[in-house]
Amino acid sequence: MSEAFIHLSVLGEEAPEALVGDPDGLYVDGTFGRGGHSRRILEKLSPKGRLIAFDRDPQAVEVARSWTDPRFTIIHEPFSTMTESLAAIGVHQADGIFLDIGVSSPQIDDAARGFSFRFDGPLDMRMDTTRGMTAAEWLAQAEERDLRHVISLYGEERFAGPIARAIVARRKTKPLETTRELADLVAGVVPRNRKDMGQHPATRTFQAVRIEVNHELDELKQALDAAGGLLKPEGRLAVITFHSLEDRIVKHFFDRAAHPERGLDPRLPLTNDMLPKPLFDNIERIKPSEAECEANPRARSAILRVGVRTVSPWRPEDGACAR
């Protein structure tokens, strides 16, 4: 596997610094990518430390399997399965869990993956190319109402209705098979006088279809729930997001976990010692420096949120924090 595609890890110094509290501990990188954050996490670990990484992209896993550090293990599964996948290798607790949400630069820059309209390639968009429905297959069979819903919800696209109708009309004569075909179709529907003229008209639609094909938001919710149950007291959860849909989920998760009493009926006669105790505390929000944003424009939208697990037991119903 060639590593010709360059990936700059956003918040590459800040995230490992916030994550690693005990150099002798066991850590999980739920999104190996090309290993930028994993490499820096390993640099902070002692010879006794251990890092287990996850990725569902076969190309990323191939890179990870070339690493020879005995402290490192790669698992070819989505991070939503971390509870079961870790249990299968005898791991039931972690000192820190890191998630870098979204698509990596090598995925975007590889035309064959179909993530970007900047290159003409097959409409695939799957993060794991060994399983699941491609973007082309989903676009070919989704009902118009489902297309409209996904493009509106996940793409926050005002013209989701006209775009959905255009997709349905187009596939009656010829299915959409390439990124250029989808981009051109959307560009022909979205009015040219829209406010965000600096953005390609298909940007929001591509984001929406990618999220749907990979079930990204559901995967994130499941991973946050899993992290709550896996982290030891004083263990740290660090999550980088790049757009509002993801960040909203992470922020809500931490807010609910830090203030579980907010979900209670205020009319209940509860004293302070009867209220549920926080599940996370010391919540931080970290943004990239101006210098990093200048060197890597992709970093501008990034937000790192970090929380520290308390001693309060995590129960199955606490998973509702992510929903």
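Throughout what follows, the structure given in this document is the object of discussion. Note that this is a predicted model, so its numbers are computed, not measured.

Calculation rules
- Residues numbered from 1 in each chain as written.
- Predicted model: local features only at pLDDT ≥ 70, side-chain atom pairs only at ≥ 80, totals over all residues.
- Heavy atoms only, no water.
- Pairing = 2+ DSSP bridges.
- Helix = DSSP H or I, 4+ residues; strand = E, 2+ residues; numbered from the N terminus.
- Right-handed = clockwise from strand over helix to strand, strands pointing away.
- Salt bridge = Lys/Arg side-chain N within 4 Å of Asp/Glu carboxyl O.
- Buried < 20%, exposed > 50% of the residue type's maximum accessible area, 1.4 Å probe, protein only.
- Polar contact = N/O pair within 3.5 Å; in protein donor to acceptor, adjacent residues only side chain to side chain.
- Contact = heavy atoms within 4.5 Å.

1. What about the pairing of strand β3 (residues 72–75)?
Moving on, step 1. Looking at chain direction, strand β2 (residues 50–54) and β3 are connected through four bridges and run parallel. Residue pairing across strands places A53 opposite I74, the latter belonging to β3.
Moving on, step 2. Handedness of the β-α-β unit built from β2, helix α3 (residues 58–64) and β3 comes out right-handed.

2. Here we look at the pattern of salt bridges
Pairing between side chains of opposite charge can happen when the charged atoms of each approach one another.
Moving on, step 1. On inspection of all chains with the given rule, the structure shows 17 salt bridges.
Moving on, step 2. The partner of R113 in a salt bridge is D57, and the shortest N-O contact between them spans 2.9 Å. Separated by 56 residues along the polypeptide, R113 in the loop between α5 (105–109) and α6 (135–141) and D57 in the loop between β2 and α3 bring together distant segments of the chain.
Moving on, step 3. Of the charged contacts in the structure, one is a salt bridge between E77 and R131, with a shortest N-O distance of 3.6 Å. Here R131 lies in the loop between α5 and α6 and E77 lies in the loop between β3 and α4 (82–87), a separation of 54 residues in the sequence.
Moving on, step 4. Take R131: its relative accessible area is 39%, and that puts it in the partly exposed class.
Moving on, step 5. Within the structure, one salt-bridge network assembled from shared partners comprises R170, K174, E177 and E181.

3. Comments concerning the side chain of R113
Moving on, step 1. Among the residues examined, R113 registers a relative accessible area of 4% and is labelled buried.
Moving on, step 2. A polar contact of 3.5 Å, which involves the side chain of R113, links it to the side chain of Q59.
Moving on, step 3. Here R126 takes part through its backbone oxygen, which lies 3.0 Å from a polar atom of the side chain of R113.
Moving on, step 4. Ignoring sequence-local partners within four residues, the contact set of R113 consists of D57, Q59, Q107, P122, D124, M125, R126, M127 and T129.

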